[in-house]
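# Overview (structure and organization)
Below are the chains, spelled out letter by letter.
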Amino acid sequence: MADAFDQLVESRGYLNRSEAFRDLVRKELGEADVATGKAKWCVATVSYVYDHHERQLANRLTHMQHEHHDIAIASQHIHLDHDNCLETVVLKGKMAEVRACADAIISQTGVRHGNVHVVPVDIKKEKYSLVGHTHVHPHR
């Protein structure tokens, strides 16, 4: 196992075993927090492929993002071929709301493939605003 771990450390470009071990532990703890409901806030990417000829699908997907403007913070649209488009939407907010939004997008008729990647984060709502933030960034 030590040799396999050293190969993993090298292949992923970690400086040492400790850095790789820290990331593995953080990943497992984060997944446990999600599974047990302890994680309240998250960021997520929702990537999906859909048929842009499907009646009103592009409009429905755009409408859903607008309806969840407080959660859907960015999106990217890519034309794969004549029929298929790939979109990736970045979501940020309460775990339950992010999951509901992601599920609603992926379950639309005409969405052929969908994947959600959730990363639990510690966001304090009272210190955080999607409209504007209250802390100061030093600019040069």
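Located above this text is the structure these notes cover.
Residues numbered from 1 in each chain as written. Predicted model: local features only at pLDDT ≥ 70, side-chain atom pairs only at ≥ 80, totals over all residues. Heavy atoms only, no water.

### A word on the pattern of salt bridges
Keep this limit in mind: Any Lys or Arg side-chain nitrogen located within 4 Å of an Asp or Glu carboxyl oxygen qualifies as a salt bridge. Under the DSSP-based scheme used, a helix requires at least four consecutive residues in state H or I and a strand at least two consecutive residues in state E, with every element numbered from the N terminus.
In total, this model carries 6 salt bridges according to the counting rule given. Two residues, Arg17 and Asp6, come together in a salt bridge whose shortest N-O distance is 2.6 Å. In this pair, Arg17 is assigned in helix 2 (residues 17–36) and Asp6 in helix 1 (residues 2–11), connecting sequence segments 11 residues apart. The network of salt bridges with common partners includes Glu19, Arg22, Asp23 and Arg26.

### Remarks on the pairing of strand 2 (residues 72–79)
Spelled out, the test is: One bridge is not enough; two strands pair if DSSP finds at least two bridges between them.
Summarising the sheet, strand 2 and strand 3 (residues 84–94) pair through 7 bridges and their orientation is antiparallel. Across the sheet, His79 pairs through a bridge with Cys85, a residue of strand 3. In this antiparallel pair of consecutive strands, strand 2 and strand 3, the connection spans 4 residues.

### Considerations on the environment of Gly114
By secondary structure assignment, the location of Gly114 is in strand 4 (residues 111–121). For Gly114 and Ser47, which are 67 residues apart along the polypeptide, the C-alpha to C-alpha distance reads 5.7 Å.

### Brief notes about the sheet that holds strand 4
For clarity, the cut-off: Note on definitions: angles span 0 to 180 degrees between N-to-C directions of axes, and those axes are lines fitted to C-alpha atoms, for helices only across the stretch in contact. Residues count as neighbours in contact if any of their non-hydrogen atoms are within 4.5 Å of one another.
Ordered in space as 2-3-1-4, the 4 strands form an open sheet in which the pairing is antiparallel. Edge positions in the sheet fall to strand 2 and strand 4, since each of these pairs with one other strand and no more. Recorded for the sheet is a direction-independent mean angle of 15 degrees between the axes of neighbouring strands. Lying on the sheet, helix 3 (residues 57–67) is in contact with strand 1 (41–51), strand 2, strand 3 and strand 4; it crosses strand 1 at an angle near 170 degrees. Taken strand by strand, helix 4 (residues 95–106) contacts strand 1, strand 3 and strand 4, and its axis lies near 165 degrees from that of strand 3.

### So, helix 2
Our working definition: The span you would expect from a helix comes to 1.5 Å times its residue count less one. Polar contact is defined as a pair of N or O atoms within 3.5 Å, subject to the rule that within protein one atom must be able to donate a hydrogen and the other to accept it, and that residues adjacent in sequence are counted only when both atoms are side-chain atoms.
With 20 residues, helix 2 should reach 28 Å at 1.5 Å per residue; the first-to-last C-alpha distance of 28 Å fits that figure. Backbone nitrogen of Ser18 and a side-chain oxygen of the N-cap are separated by 3.1 Å at the start of helix 2; the cap is Asn16. Count one or two residues on from helix 2 and you reach Gly37, which has phi positive near 85 degrees.

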